[in-house]
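Spelled out from the first residue to the last, the chains are:
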Amino acid sequence: MIGKLKGTIEEIGEDYVLVDVHGVCYVAYCSARTLSKLGSVGEACILFIETYVREDQIRLFGFMTALEREWFNIVQTVQGVGAKVALALLSTLTPAELANAIALQDRAAVSRAPGVGPKVAMRIVTELKNKAPAFAGDAANIALKQELGEGVAAAPVADAVSALTNLGYSRDQAANAVAAAIEAAGEGADSAKLIRLGLKELAR
């Protein structure tokens, strides 16, 4: 079982990289995001590897970080999500963005990935909602995003996030800003104050 490759980039294809490790070249299939960060042919690289062994083939999937590899495996626990869709998700969203989208139950963000339709996006955010908080940020943000995703957040909080979203910020940005505003103003702050402090946070 191969867990990591450390070598030299021999070739970069549309969806793979060929890594020369002491004269032995390995093909590792990667997300577009990983491929864009690898560097150029001839440069050194390190990839975290997930090895798939099938009856008719052995395939390696490469990732820049262990967290990206972990999400590759997590999303495939959802029915209808295989390696190809998992790579498409990680090409479109960073692990943090994916975790936040699930915590916020943001199906639209997840469905931006090629091959992810509304039904699959719904299954992803629903089935993984209990796994995402571990990757979604600090404790305050996690709690807030869970409440927003489940529709149980206090009205001023939900209104503030909605207002910031209407101004053009993503739900993730709005939720992070409101979480910071709550920390500064306290739990009892009204929506106007949360919006004002949230905008101040977003302007930093």
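It should be noted that the structure appears before, not after, this text.
Residues numbered from 1 in each chain as written. Predicted model: local features only at pLDDT ≥ 70, side-chain atom pairs only at ≥ 80, totals over all residues. Heavy atoms only, no water.

### Some details on the state of the cysteines
Under the convention used in this document: Two cysteine sulfurs form a disulfide in these notes if their separation is within 2.5 Å. Throughout, exposure labels follow a simple rule: accessible area from a 1.4 Å probe, protein chains only, divided by the maximum for the residue type, with under 20% read as buried, over 50% as exposed, and the rest as partly exposed.
Under the counting rule described, the total for this entry stands at zero disulfides. In this structure C30 is a free cysteine whose sulfur lies 8.5 Å from that of C45, the closest cysteine sulfur available. Residue C45 is classed as buried on the basis of its relative accessible area, which comes to 7%.

### Quick word on the pairing of strand β2 (residues 16-21)
Quick reminder of the rule: Following DSSP output, two strands are said to pair if at least two bridges run between them. Working definition: helices are DSSP H or I runs of at least four residues, strands are E runs of at least two. Numbering for both runs from the N terminus.
Of the pairings in the sheet, the one linking strand β1 (residues 4-12) to β2 comprises four bridges and is antiparallel in character. Residue pairing across strands places I9 opposite V19, the latter belonging to β2. Between β1 and β2, which pair antiparallel and follow one another directly, the connecting turn spans three residues. Sheet topology note: the β2/strand β3 (residues 24-30) ladder contains six bridges and is antiparallel. Its bridge partner lying in β3, Y16 is registered against Y29. Connecting β2 to the next strand, β3, in antiparallel fashion are two residues, including H22 with a positive phi near 50 degrees.

### Details of the pairing of β3
Sheet analysis places β3 next to strand β5 (residues 58-63), joined by three bridges and oriented parallel. Bridged to C30 within β5 is G62.

### Some details on the packing of aromatic side chains
Using the following cut-off: Each aromatic pair joins two rings of Phe, Tyr and Trp (for Trp, the six-membered one) with centres within 6.5 Å, and gets the label stacked for planes under 30 degrees apart, edge-to-face for over 60, and tilted for any other angle. Geometrically, a lysine NZ or arginine CZ counts as sitting over a ring once it is within 6 Å of the ring centre and also within 35 degrees of the ring normal.
Under the criterion given, the structure shown has six aromatic pairs. Judged by centre distance (4.9 Å) and plane angle (65 degrees), the ring pair of Y52 and F61 falls under edge-to-face. One aromatic cluster is present, built from ring pairs that chain together Y16, Y29, Y52, F61, F63 and F72. Sitting over the face of the ring of Y29, R59 holds its NZ or CZ atom 4.2 Å from the ring centroid.

### Considerations on the side chain of D106
Which entries qualify depends on this criterion: Between N or O atoms, a polar contact is any pair within 3.5 Å; within protein, one atom must be a potential hydrogen donor and the other a potential acceptor, and residues adjacent in sequence are included only when both atoms are from side chains. Whether two residues touch is decided by their heavy atoms; if any such pair falls within 4.5 Å, the residues are in contact.
For D106, the location among the structural elements is in the loop between α4 (95-103) and α5 (107-110). At 3.3 Å, the side chain of D106 and the backbone nitrogen of A109 are in polar contact. Each residue touching D106, except ones within four places of it in the same chain, is listed here: A101, V125 and R171.

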